[in-house]
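Structural characterization, general
One letter stands for each residue in the lines below.
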Amino acid sequence: MKYPSEPKPATYDVLSHLVLIVLASFSLGPLIIMLLNSLKTRSEMARNPVGLPTIPHFENYLNAWNQGGLGHALLNTSIIVGLTVGGVCIIAGLAAYALARVKVPGWELLTLYFLACTTIPVQLFIIPLFFLFERIGLTNSIFGLVVIYWAIYTPFSIFLLRSYFLGIPQDFEDAARVDGASDWQIFWLIMAPLAMPAFFTVILVVGMWSWNEFILAVTFLHNEALQTATIRFFTFSGRYTAEWGLMMAGATILAAPIVSIFLLLQRRFIEGMTAGGLKI
């Protein structure tokens, strides 16, 4: 027999809302300050970095767009993100499905290898990787940078997708095989659509990482015509001075697509992260 749960005291709700307000202020505070400072001049920002702008300077956005060459840089970034996300979803999806359905000998060692790949800082292998790519002609190449992103972001994606595939009953596959479906048809027509929340999570996380990545991009893309938006954003900072108004306007332009996509896919993102679980 189930007894009705006792109502929570009002003080509990007040404390919960206070904690949420404090956490929200930590998350939204920097974004609000960035938006306010993007409408100020450099001198006004130095006098009052956290206050409202006296006169909003919306021309900062136009100047940041033109002086930083953000239009072409955002196009390059979008191409890199699209190729990276597409390649990671295909590679990690196929590998995760195979690892979820086939008993692989030594899976524990393979797990350790994937964990090592996700925890090793990129700075440790960036120099030998640069000399290798220089020798095979993949520097100053968008495809060369995308290949590196595939190698870096695929282990995390395999972990996430494999956990989700393990939670899907195998009855769907058995029924499809009885109807004469091949392994490729089962994956593309049945398993991939069922695992779409996990794929949305991979798209969002990998897209955000590759959109904001700077070290590898600035190392392997020297041609100005191939530079990404994060590299162009770095040009607003000089050796002795920085155009803070333009930097904040440029940062707002760069952050707007990622924030918008996250707000649109946040429910799918949370569903994919929670439903995937921690199955090893």
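Treat the numbers as computed from the prediction; the structure is a model and nothing was measured.

**Overview of unusual backbone geometry**
For Asn 140, which is not glycine, the phi dihedral falls at a positive 55°. Inspection of the secondary structure assignment puts Asn 140 in the loop between helix H6 (126-136) and helix H7 (142-166).

**With respect to the packing of helix H4 (residues 70-101) against H7**
Viewed as axis vectors pointing N to C, H4 and H7 meet at an angle of 40°, and their least axial separation amounts to 6 Å. By the angle between their directions, the pair H4 and H7 is classed as oblique. The two elements H4 and H7 meet at a crossing, and its hand is right-handed. Tallied by class, the residues present in the contact of H4 with H7 amount to 21 nonpolar, six polar and two charged.

**Thoughts on the confidence of the model for the protein chain**
Overall, the prediction assigns the protein chain a mean pLDDT of 84, with 90% of residues at 70 or greater. Contacts for the low-pLDDT stretch residues 276-280, under 50 throughout, to residues beyond four places or in other chains number twelve contacts.

**Focus on the pattern of salt bridges**
Scanning the entire structure with this criterion turns up three salt bridges. For the salt bridge of Arg 101 with Glu 173, the shortest nitrogen-to-oxygen distance reads 2.4 Å. With Arg 101 in helix H4 and Glu 173 in helix H8 (residues 171-178), this residue pair connects regions lying 72 residues apart in the sequence. Note on Glu 173: relative accessible area 1%, which makes it buried.

**Digging into the packing of helix H5 (residues 107-119) against H7**
Where H5 contacts H7, the axes come no closer than 8 Å and their chain directions differ by 130°. Compared by their axis directions, H5 and H7 come out oblique. Each of Trp 107, Thr 111, Phe 114, Leu 115, Cys 117 and Thr 118 in H5 lies in contact with H7, whose residues at this interface are Pro 155, Phe 156, Ile 158, Phe 159 and Arg 162. Among the residues forming the contact of H5 with H7, the class breakdown is eight nonpolar, two polar and one charged.

About the cut-offs
Along each chain, numbering runs from 1 in the same order as the chain's sequence is written. Local features in this predicted model are restricted to residues whose pLDDT is 70 or higher, and side-chain atom pairs enter the listing and the counts only when it is 80 or higher, whereas totals over whole chains, interfaces and linings include all residues. As a convention, hydrogens and water are excluded, and side-chain values are obtained from all of the structure's heavy atoms. Numbered from the N terminus, helices here are DSSP runs of H or I no shorter than four residues, and strands are runs of E no shorter than two. Note on method: axes are straight lines fitted to C-alpha atoms, helices fitted across the in-contact stretch only, with angles between N-to-C directions ranging 0 to 180 degrees. Each angle is binned into one of four classes, with values under 35 degrees roughly parallel, values over 145 roughly antiparallel, values of 65 to 115 roughly perpendicular, and all other values oblique. Should the near helix be turned anticlockwise from the far one by less than a right angle, the crossing is left-handed, and should it be turned clockwise, the crossing is right-handed. Note on residue categories: nonpolar means Ala, Val, Leu, Ile, Met, Phe, Trp, Tyr, Cys or Pro, charged means Asp, Glu, Lys or Arg, and polar means any other residue, Gly included. The pLDDT value expresses, per residue, how confident the predictor is, ranging between 0 and 100. Whether two residues are in contact is decided by their heavy atoms, any of which lying within 4.5 Å being enough. For salt bridges, the criterion is a side-chain nitrogen of Lys or Arg within 4 Å of an Asp or Glu carboxyl oxygen. Accessibility here uses a 1.4 Å probe with only protein chains present; expressed as a share of the type maximum, an area under 20% marks a residue as buried, one over 50% as exposed, and anything in between as partly exposed.

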